[in-house]
Amino acid sequence: MKKVITGNRAVAYGAKLSRVQVIAAYPITPQTTIIEYLADLCASGELKAEFIKVESEHSALAACVGASVTGARTFTATSGQGLLLMHEIIHWAAGARLPVVMAVVNRAIAPGWNIWTEQNDTLSQRDTGWMQFYTESNQEVLDTVIQAYKVAERVSLPAMVILDAFVLSHTSEIVDIPPQEMVDEYLPPYQPQYKLDVDDPKAFGGLVYPADWTELRYKIQQAHQQAIEVAREADREYGELFGRSYGLVEKYPQDEAEVILVTSGTVTSTARDVIDHWRARGQKVSLLKVRLFRPFPVEDLRRALEGAEKVAVIDRNFSFGHGGIFAQEIKSALYMNSHRPTLFSFIAGLGGRDITPATVEKVLNYTVSRDRPEEEAIWIDLKK
């Protein structure tokens, strides 16, 4: 069934189709309509889930953690400052190995107040142990929520499904909503190996002494390494059932190019049009979309960038004192590789400023006209 729906409604449909059992969330613009849609579904009886109203985002994720320990499939959603208020429990969910799925609508971090899209909120949670999927379209949003449960429950790690504020969250697109019975075939009920059960008592969340702490952290890292292949297989299986798959990274088009532009989120769609225009003029350029950021698919990136002379990365984020975060990650991935193309790091679209085809043209023109970047990070359209 196809419907014209916003990205936030696509998130809600993804959670409903995943048959979530417990939802706990607190409103914050631009995420609020996700939980409003889910509250309506619960109130009407269309979704058989427990909807927990809480007083903060910290409590929302804490409620999900508690429910997940009992073996329930749990969901929450937030944005910007709300995500930061969850920070303590974000670590807890990963350390406790609980497959909570959370939708995060990217929003710039205050001050000053800004409700528009920027990736610094989610990327500031990069090292917490959560998986992170960045989405390009409302269809990908819905599909990724379902896939995220498949991966998270297999490797016992929580996952964020991330979409751009307003560009997706409040913009309507055609979305193919799969039948419930097909989703049930793809995503069976959650059956954890260990759970809080009064008939089979176990201890959770106790004190861990230094003798065992390192090993617990190593197992989280092992789970992330395993998640790369699990995510690839979950996406392949989804493609076979529903006719749509996205990969961990996507190269567009697939053939070799001298210059490869790297993007994430909705800027990818804008860049596709520009790449088509440049290739029609005979320019050897292509596009690489990064969908899975944690765990970082190092080998997939190395293969996709093989043969490129230059790589231009557009970051809708910034690590103060260093540079664009996706650019840093890609540099790190290429450091031990035999082929290391020259990398150009561009900062654009902060605080919701539009990234237009003209913006992407500037990035490509700068890259092809220079042998090396003149600065570590090049700020596009900066008002000096």
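Residues numbered from 1 in each chain as written. Predicted model: local features only at pLDDT ≥ 70, side-chain atom pairs only at ≥ 80, totals over all residues. Heavy atoms only, no water.

K.L.:
Which parts of the structure should I look at to understand the overall build of the protein?
P.N.:
Per the secondary structure count, the protein includes 13 helices and 15 strands. A compact globule built from 384 residues would reach a C-alpha radius of gyration of about 21 Å, and the protein, at 21 Å, matches this within 12%. When the backbone C-alpha atoms are referred to their principal axes, the protein occupies close to 70 × 55 × 45 Å. Per-residue burial over the protein gives 57% buried out of 384 residues. Put simply, 80% of the contacts in the protein that link residues at least 6 apart link residues at least 24 apart. Of the side chains in the protein, 40 bear a positive and 49 a negative charge, and the two mean positions are spaced by 2 Å. (Helix = DSSP H or I, 4+ residues; strand = E, 2+ residues; numbered from the N terminus. Rg over C-alpha atoms; globule rule 2.2 N^0.38 Å. Buried < 20%, exposed > 50% of the residue type's maximum accessible area, 1.4 Å probe, protein only. Contact = heavy atoms within 4.5 Å. Lys, Arg positive; Asp, Glu negative; His and termini not counted. Charge placed at Lys NZ, Arg CZ, Asp CG, Glu CD.)

K.L.:
Sorry, what's going on with the packing of helix α1 (residues 7-17) against helix α7 (residues 138-155) here?
P.N.:
To characterise two packed helices, one gives the angle between the axes of the helices and the distance between these axes. Viewed as axis vectors pointing N to C, α1 and α7 meet at an angle of 25 degrees, and their least axial separation amounts to 8 Å. With respect to their mutual orientation, α1 and α7 come out roughly parallel. Between α1 and α7 lies a crossing whose hand is right-handed. For the pair α1 and α7, contact is made by G7, A10, V11, Y13, G14, A15 and L17 and by N138, V141, L142, V145 and I146, respectively. Broken down by class, the residue content of the contact of α1 with α7 amounts to nine nonpolar, three polar and no charged. (Axes fitted to C-alpha atoms, helices over the stretch in contact; angles between N-to-C directions. Parallel < 35°, antiparallel > 145°, perpendicular 65-115°, else oblique. Left-handed = near helix turned anticlockwise from the far one by under 90°. Nonpolar A, V, L, I, M, F, W, Y, C, P; charged D, E, K, R; others polar.)

K.L.:
Can you walk me through the sheet that holds strand β2 (residues 22-25) in this structure?
P.N.:
Think of a sheet as strands paired side by side through backbone hydrogen bonds, with each pair either parallel or antiparallel. Judged by pairing direction, the sheet is mixed, and its seven strands sit side by side in the order β3-β2-β4-β5-β7-β6-β12 without closing on themselves. Where the open sheet ends on each side, the last strands, each with one partner, are β3 (50-53) and β12 (292-294). Between one strand axis and the next, the sheet turns by 20 degrees as a mean value, whatever way the strands run. Two elements, β2 and strand β4 (residues 74-79), share two bridges in a ladder whose sense is parallel. In the sheet register, V22 faces β4, and the bridge partner there is T74. Strand contacts of α1: β4, β5 (101-106) and β7 (159-164), with the helix running at about 155 degrees to β7, the strand carrying the most contacts. (Pairing = 2+ DSSP bridges.)

K.L.:
Just to check I follow, could you spell out the state of the cysteines for this structure?
P.N.:
One covalent bond between the sulfur atoms of two cysteine residues makes up a disulfide. Scanning all chains against the criterion turns up zero disulfides. The structure places no disulfide on C42, whose sulfur is separated from the nearest cysteine sulfur, that of C64, by 12 Å. C64 sits in the buried class, given a relative accessible area of 0%. (Disulfide = S-S within 2.5 Å.)

K.L.:
Would you mind going over helix α11 (residues 298-305) with me for this structure?
P.N.:
Residues three or four positions apart in an α-helix share a direction because the helix packs 3.6 residues into each turn. D300, L301, R302, A304 and L305 are the residues of α11 that are buried. Looking one or two residues beyond α11, the residue adopting positive phi is G307, at roughly 95 degrees.

K.L.:
Would you mind showing me how to read the side chain of E118 here?
P.N.:
Tracing the backbone shows E118 in the loop between β5 and α6 (120-123). No salt bridge is formed by the buried E118; the nearest opposite charge belongs to R316, separated by 7.6 Å. In this structure the side chain of E118 is engaged in a polar contact, spanning 2.9 Å, whose partner is the backbone nitrogen of G351. Ignoring anything within four residues of it in the chain, the contact list for E118 reads N106, R107, A108, R316, L350 and G351. (Salt bridge = Lys/Arg side-chain N within 4 Å of Asp/Glu carboxyl O. Polar contact = N/O pair within 3.5 Å; in protein donor to acceptor, adjacent residues only side chain to side chain.)

K.L.:
Would you mind going over the sheet that holds strand β11 (residues 285-290) with me for this structure?
P.N.:
One open sheet accounts for six strands, arranged β9-β11-β10-β13-β14-β15; its pairing is mixed. The open sheet has two free edges, formed respectively by β9 (249-252) and β15 (378-379), since each of these has just one partner strand. Where strand β13 (residues 310-315) lies against strand β14 (residues 342-347), six bridges are found, and the strand directions are parallel. Paired with I314 across the bridge in β14 is F346. Helix α10 (residues 267-280) contacts β9, β10 (259-263) and β11 of the sheet and is inclined by roughly 165 degrees relative to β11. Sheet contacts for helix α12 (residues 325-335): β10, β11, β13 and β14; angle to β13, the most-contacted strand, approximately 145 degrees.

K.L.:
Would you mind going over the packing of aromatic side chains with me for this structure?
P.N.:
Centre distance and the angle of the planes are the two values used to describe a pair of aromatic rings. Using the criterion set out here, one finds 11 aromatic pairs in the structure. With 6.1 Å between their ring centres and 85 degrees between their planes, Y134 and F293 make a pair best called edge-to-face. With Y134 in strand β6 (residues 131-134) and F293 in strand β12, the pair connects residues that are 159 residues apart, well separated along the chain. You'll find Y134 and F293 in the same group, each marked buried. (Phe/Tyr/Trp six-rings, centres within 6.5 Å; stacked < 30°, edge-to-face > 60°.)

K.L.:
Before we go on, may I ask you to explain the layout of surface pockets in this structure?
P.N.:
Empty space among the atoms becomes visible once a probe the size of a water molecule is rolled across them. In this structure, the largest pocket encloses a volume near 1300 Å³. In terms of lining residues, the largest pocket is bounded by 38 residues, among which G95, A96, R97, L98 and F204 are the most central. Looking at the lining of the largest pocket, the elements with two or more residues in it are α3 (57-69), α5 (87-95), α7 and α9 (210-242). Sorting elements by how many residues they give to the lining of the largest pocket places α9 first, with nine residues. Its residues placed into classes, the lining of the largest pocket shows 21 nonpolar, eight polar and nine charged. Here the second largest pocket defines a volume of roughly 410 Å³. The leading source of residues in the lining of the second largest pocket is α9, at six residues. Residues belonging to the lining of the second largest pocket are distributed by class as follows: eight nonpolar, seven polar and six charged. (1 Å grid on protein atoms, 1.4 Å probe; cavity = no way out; pocket = protein on both sides within 12 Å on 5 of 7 lines; lining within 4 Å. Points joined across faces, edges and corners; volume = space filled by probe spheres on them.)

Remember that the coordinates give geometry; whether it matters functionally is a separate question.
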